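A closer look at the structure
For reference, the chains in residue letters:
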Amino acid sequence: MSGFVPSTLASENWPFSLEWLPQPAYMVGGAVRDAMLGRSREYLDLDFVIPSDAVKVARTIAHRYQAGFVLLDPVRRIARVVFPQATADFAQQEGDSLETDLHRRDFTVNAIAYNPHTQEIIDPLNGYADLQAGVLRMIAKANLKDDPLRLLRAYRQAAQLGFTIEPTTQAAIRDLASHLCQVAAERVRVEIGYLLASPQGHTWMAIAENDGLLKQFFPNTTPESFRKLAVVDEVADLLAKQWPQLGVELQGYVRETVKTTWLSIAKLACLVHPDPSVAEIELQKLTYSRAEIRAVTTAVKLFPQLKTANTLREQYFVFQEAGMVFAAIAVLALVQDILVEAMSGDNRLSAYSPLITRYLNPDDLVAHPTQLVSGKNLMIALDLPPSPLVGELLTEIAIARIEGKVTTTEAAIAFARQLLEG
Ligand SMILES: Nc1ccn([C@@H]2O[C@H](COP(=O)(O)OP(=O)(O)OP(=O)(O)O)[C@@H](O)[C@H]2O)c(=O)n1
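Residues numbered from 1 in each chain as written. Predicted model: local features only at pLDDT ≥ 70, side-chain atom pairs only at ≥ 80, totals over all residues. Heavy atoms only, no water.

As annotated in an unreviewed UniProt entry, the protein chain is PolyA polymerase from Trichormus variabilis NIES-23. Recorded in UniProt for the protein chain, the comment headed Sequence similarities (unreviewed entry) runs: "Belongs to the tRNA nucleotidyltransferase/poly(A) polymerase family." (UniProt positions renumbered as here; feature names shortened; annotations may be inferred.)

Laid out in structure tokens, this is it:
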């Protein structure tokens, strides 16, 4: 079948030249789907099906363009070529025809192929009709069972594309929900990450929970968890309106290597057990990194304290422990107030205003203390050996400083000496 071919599929937009692809070769998957939807992609990732040796094709292209080469699956013969601004995956065709390959995929909208040599669209499963209707329809229930990650992919793609899940498909997913635990936890984590990051993610998370997909990973959620999740984005917007810098921080990554935003950390904190040590186990099972786990458990532990930290000393300790997690903690504290105490957002905003203002002021000594005296100099001045006591004295000096009790290095040392003698 040949149909409407969007110009964005043209090989001029690829990071390599068409001449390096054997005949036949097909483009498939998200790039074709999104091009037909007229949906722009943040990152160019192309998927190709090659009836001949796909790995060899990938190797040749990587070599020719001095791009990275990764053998993703030596058995199924899938390899990735990594260009500076794009990736291209080359997979051996499954079965003896393109149609067979397409029939083994997850949803009809993901089973549309494009032949770049003939510029033809091949759509044996009528994916284009489902694209136009905005529907995710399984190709076969057996395919969902073959790779149960597809169960969760339905909710992720519905959230990202603004689609619905066709009722028979949704019923099949419910029926197969328990199979999701057979999938490597890492793959599940990636899908959950996409879900949390998409604008309607909370709606589809709640539906996925209802359909039995999430309990296996977040066993301690309650209906309230999802009510909280549903207002996180709104609360973040409220905070960002008042303090744009806080909004920017929430969109930032926990680490460049860990592409989870602080906002997603706040969302995860809604889903885990309120006891940080239990939360840690849940997140470890999902193979979250140490940085992410630390961020979520810190948020879970500290957000209730935001309201009760009244003295400078208490505030000092909250800031010390929160560090970069502060923005996510502020979101959670507000979410809690709005939902549990049914307060209006603006009302609560003012309650947190002093702490947030401190946090955003780099010169504020409560949130961002600087030392009047270093640990080394304190040890010399008081003739102390290295021990935890030095740290405790430094903390007391920092607190005395923000309370206005000491202002100079000499006074700080004298203050520490007094504490020691007392
Ligand atoms: N568990 C999976 C993963 C992928 N696919 C097929 O492989 C294609 C490419 O997969 P992937 O790149 O992971 O996802 P996309 O659908 O391309 O979506 P996006 O790029 O937006 O994440 C999919 O479209 C689908 O045809 C599948 O059938 N089952």
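Some points on the overall build of the protein chain
Counting its regular elements, the protein chain contains 21 helices and 11 strands. Expressed along its principal axes, the backbone C-alpha trace of the protein chain runs to roughly 85 × 50 × 35 Å. In the protein chain, which comprises 422 residues, the share counted as buried stands at 49%. Considering only residue pairs separated by 6 or more positions, the protein chain has 66% of its internal contacts joining residues 24 or more positions apart. With an accessible surface of roughly 20,100 Å², the protein chain has 51% of that area assigned to carbon and sulfur atoms. Each charge class in the protein chain can be summarised by its mean position, and for the 39 positive and 48 negative side chains these summaries are 2 Å apart. (Helix = DSSP H or I, 4+ residues; strand = E, 2+ residues; numbered from the N terminus. Buried < 20%, exposed > 50% of the residue type's maximum accessible area, 1.4 Å probe, protein only. Contact = heavy atoms within 4.5 Å. Areas by Shrake-Rupley, 256 points an atom, 1.4 Å probe, with all protein chains shown as cover. Lys, Arg positive; Asp, Glu negative; His and termini not counted. Charge placed at Lys NZ, Arg CZ, Asp CG, Glu CD.)

Side note on the packing of helix H16 (residues 312-322) against helix H20 (residues 388-402)
Packing of H16 against H20 leaves a shortest axis separation of 10 Å and a crossing angle of 125°. If you check the angle between H16 and H20, you find them oblique. For the pair H16 and H20, the sense of crossing is right-handed. Each of Leu312, Arg313, Tyr316 and Phe317 in H16 lies in contact with H20, whose residues at this interface are Thr395, Glu396, Ala398, Ile399 and Ile402. Broken down by class, the residue content of the contact of H16 with H20 amounts to six nonpolar, one polar and two charged. (Axes fitted to C-alpha atoms, helices over the stretch in contact; angles between N-to-C directions. Parallel < 35°, antiparallel > 145°, perpendicular 65-115°, else oblique. Left-handed = near helix turned anticlockwise from the far one by under 90°. Nonpolar A, V, L, I, M, F, W, Y, C, P; charged D, E, K, R; others polar.)

Things to note about the packing of aromatic side chains
The full count for this structure, using the stated rule, is 11 aromatic pairs. Relative to Phe83, the ring of Phe16 lies with its centre 6.1 Å away and its plane at 15°, an arrangement referred to as stacked. Here Phe16, found in the segment before strand S1 (26-28), pairs with Phe83, found in strand S4 (residues 78-83); they are 67 residues apart in sequence, far enough to count as distant. Under the relative-accessibility criterion, Phe16 is labelled buried at 3%. On the basis of relative accessible area, Phe83 is assigned to the buried category, the value being 7%. Relative to Phe317, the ring of Tyr316 lies with its centre 5.4 Å away and its plane at 80°, an arrangement referred to as edge-to-face. Judged by relative accessible area, Phe317 falls into the partly exposed class, the value being 38%. Three or more aromatic residues joined by ring pairs make a cluster, and in this case those are Trp14, Phe16, Phe48, Tyr65, Phe83 and Phe90. One Lys or Arg, Arg64, reaches over the ring of Tyr65 and ends 4.9 Å from the middle of that ring. In this structure, Arg189 is placed above the aromatic ring of Tyr288, and the distance from its NZ or CZ to the ring centre is 5.8 Å. (Phe/Tyr/Trp six-rings, centres within 6.5 Å; stacked < 30°, edge-to-face > 60°. Lys NZ or Arg CZ within 6 Å of the ring centre and 35° of its normal.)

Re the pattern of salt bridges
Opposite charge on two side chains allows them to pair when their charged atoms are near. If you walk through the whole model with that rule in mind, you get 25 salt bridges. Residue Arg77 pairs with Asp53 through a salt bridge whose shortest N-O separation is 3.9 Å. Of the two residues, Arg77 sits in the loop between strand S3 (68-73) and S4 while Asp53 sits in the loop between strand S2 (44-50) and helix H2 (54-65), which places them 24 residues apart along the sequence. Members of the salt-bridge network, linked through shared partners, are Arg33, Asp34, Arg39, Arg41 and Asp45. (Salt bridge = Lys/Arg side-chain N within 4 Å of Asp/Glu carboxyl O.)

Re helix H1 (residues 30-37)
The buried count for H1 comes to seven of eight residues, which makes it a mostly enclosed element. Those residues of H1 that are buried are in contact with S1, S2, strand S6 (113-115), strand S7 (120-122), helix H4 (127-133) and helix H6 (149-161). At the C-terminal side of H1, Gly38 shows a positive phi close to 70°.

Quick word on the site of the ligand
As a matter of local geometry, the ligand sits amid 15 residues, with Gly30, Arg41, Asn110, Asp147 and Arg150 nearest to it. Backbone polar atom of Asp106 to an oxygen atom of the ligand: 3.0 Å apart, as the coordinates give it. Protein contact buries 79% of the 560 Å² of open area that the ligand shows by itself. Of all elements in the fold, only H1, S2 and H6 reach the threshold of two or more residues within the shell around the ligand. Looking at the shell around the ligand, the element that brings in the most residues is H6, giving four residues. Tallied by class, residues from the shell around the ligand come to no nonpolar, four polar and 11 charged. Taken domain by domain, the shell around the ligand gets at least three of its residues from each of domain 1 (1-132) and domain 2 (133-215). (Near = heavy atom within 4 Å. Polar contact = N/O pair within 3.5 Å; in protein donor to acceptor, adjacent residues only side chain to side chain. Domains from an automatic or database assignment.)

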